[in-house]
Amino acid sequence: MSSPLTADSGHQADRPTGSGQQAAGPGRTPGTGPSGTTDPDRSTGTGRRWTGLGVLVLAVTLVAVDATVLSLAIPSITETLRPSGTQLLWIGDVYSFVLAGLLVSMGALSDRLGRKRVLLAGSVAFGAASLLAAYAPGPGWLIVARALLGVAGATIMPSTLSLIRALFPDARERATAIGIWGAGATAGAALGPLVGGVLLEHFWWGSVFLLNLPVMVLLLVFGAWLLPESRDPRPGRWDMLSVLLSMAGVIGVVYGIKEFAAHGLDAWSTPATFVLGAVALALFVRRQLRLETPLLEVRLFRDRRFTAAVLASLISLIGLSGVIFFMSQYLQLVRGYSPLSAGFAELPAFVGSVVGGLLTARLARRAGARRVLTVGLLVMGLGIAVLGLLRVDSTYLLIGSSFLALGTAEGVVYTLSADLVLGSAPADKAGAASAVSETAYELGAALGIALVGSIVTALYAGSLTVPAGSDPTVAGRAGDSLGGAVEAAASLPGDLADQLLTGASTAFVHGINVAAWVSTALLLSAAALTHRLLRPRPQTPPPTAPTAANNTPTAAATTGEASPHAPATAVTAPTPETEPAAHCCP
């Protein structure tokens, strides 16, 4: 199955026939889609389908905004709830941890119960969890609320992408739709800090969660009206053991990596948690290979396009998310920007992500998926490398150019990766395949905050110089986080406060510099790996069939000869393995 972003107009497999309606395939009645849904061209007019896409983009944008909107609220949360450094990291990344741990399970659940039904149910849960987060009385409650938001978000993300496949059977229309969807997802992540800045300028930090409620009401009303139901017609049974193994595996491995980066091997629980998580993932894969109807079709990873797209999403977000998470603190606590000003400072990332997502289809058709995905990862790496040159008093030109490059490249990488994943999977497994793409995205975001965040935190604590004569309690709070240092400085005399703030700012920027170089190395490695995985496979001609003595037309047809008297030549027919190279890879 070729990717719609890169398939040429000659491919008819994804096109409606004759009157604009899909022909009925084996085992289904006319007007019924391959995924157990009514064909969009019969049940939904063209305008209504594109309006339905707007509902899906609204949903994915909201989930993406929620992943980053909290970044500008961190200083306010630190002042109000007084979380420890570890709790602060959990507040930032528990949402993505839980989201990543449940996406595959929820994607498979949507294939079984119906993608529209799961999407709408998840929207209700998302609104309820937002209320809890907005009025959380302490850091522990906020962590729990963010985890519940992750559970609800896991029901929304895969359903949106798989419903696009149900709404748009035509390859070129689907390419445009995925481009708009990808622009919404990446723009939402980039828009989060700006939205947070506007709200925090006038309201308390909980307002960033209350924003979800009116949007969820719109989603429920218009989603129930405009979206078609879509499900796997042969879903099989729901394997709860697979659900538990996948969640335990992802969370165990990520937690182990996070704790190792933060504290090393000081506690025996760190390697034990990692090993248990790895064993759970191994058992999960083994079980999926044996089940008749697996929760996740792991054989999809045999397709190099699928594997390359998943790895590109995972590694790019590891490199990107952690640095961006701490740049919001840099702008407010080091440079003294207000939340609104910091949000506007990150606006180039939003603009770039929208432009990149919308241009992806055109770029991929002209240059090929291999080249576009590789260059996108390289540009992301260079954009983050610029932050390796960051200083306490750097000009905004350096910061803004980095954000613009990162946003544009991420828009391209995210959209193209999602399309490659969706185009590699059977239509009736669209939910599970979409979930793999989103899992890579969210897992990368969680690992990025955990790993890069741990690097910044460790280097900050190790290089911070506390002024002599400071109270040990004040020194301890200053060494916990940059926000703690700013708060501690408020209780010190003028000269000591200035020395503490200068030392804390310098130590924090040093941590960002090192983290940026580590992230750059990850992204350059991802570019090289993607370029290798998407390389064209040599097309081996099949053996030439023996030519009959009388050169009958049947023999000519068998050998692919143009005429009964022409020399026998083998004609290489396109195969599932060679087709991606022809259409995706230059």
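Residues numbered from 1 in each chain as written. Predicted model: local features only at pLDDT ≥ 70, side-chain atom pairs only at ≥ 80, totals over all residues. Heavy atoms only, no water.

Caption draft 1: Geometry of the overall build of the chain. Within the chain, the secondary structure is distributed over 22 helices and zero strands. Residue burial in the chain is summarised as follows: out of 586 residues, 56% are buried. Put simply, of all contacts in the chain between residues at least 6 apart along the chain, 82% involve residues at least 24 apart. Summed over its atoms, the accessible surface of the chain is roughly 22800 Å², and 66% of this surface lies on carbon and sulfur atoms. (Helix = DSSP H or I, 4+ residues; strand = E, 2+ residues; numbered from the N terminus. Buried < 20%, exposed > 50% of the residue type's maximum accessible area, 1.4 Å probe, protein only. Contact = heavy atoms within 4.5 Å. Areas by Shrake-Rupley, 256 points an atom, 1.4 Å probe, with all protein chains shown as cover.)

Caption draft 2: Up close: unusual backbone geometry. Look at R82: it is not a glycine, yet its phi comes out positive at around 50°. By the element assignment, R82 lies in the loop between α3 (74–81) and α4 (85–113).

Caption draft 3: Quick peek at the packing of aromatic side chains. Tallied over the entire structure, the rule returns six aromatic pairs. With a centroid separation of 4.6 Å and an interplanar angle of 55°, the aromatic rings of W50 and F168 are classed as tilted. Here W50 is found in helix α2 (residues 46–68), whereas its partner F168 is found in the loop between α6 (139–167) and α7 (171–202), with 118 residues between them in sequence. Given a relative accessible area of 0%, F168 falls into the buried group. (Phe/Tyr/Trp six-rings, centres within 6.5 Å; stacked < 30°, edge-to-face > 60°.)

Caption draft 4: Fine view of the pattern of salt bridges. Inspection of the entire model under this criterion finds one salt bridge. Note that R287 is salt-bridged to D239, the shortest N-O span being 2.7 Å. Residue R287 is found in helix α11 (residues 269–290), and its partner D239 is found in the loop between α9 (212–226) and α10 (240–263); the two are separated by 48 residues along the sequence. For R287, a relative accessible area of 25% translates into the label partly exposed. (Salt bridge = Lys/Arg side-chain N within 4 Å of Asp/Glu carboxyl O.)

Caption draft 5: Examining a nonpolar patch on the surface more closely. A cluster of nonpolar side chains, namely L58, V217, L218, V221, F222 and W225, defines an oily patch on the protein surface of about 560 Å² accessible area. Take the nonpolar patch: its biggest share by element is five residues, from α9. In this fold, F222 is placed in helix α9. Taking relative accessible area as the criterion, F222 reaches 36% and is therefore assigned partly exposed. (Patch = residues over 30% accessible without salt bridge, like charges linked within 9 Å, V, L, I, M, F, W, Y side chains within 5 Å.)

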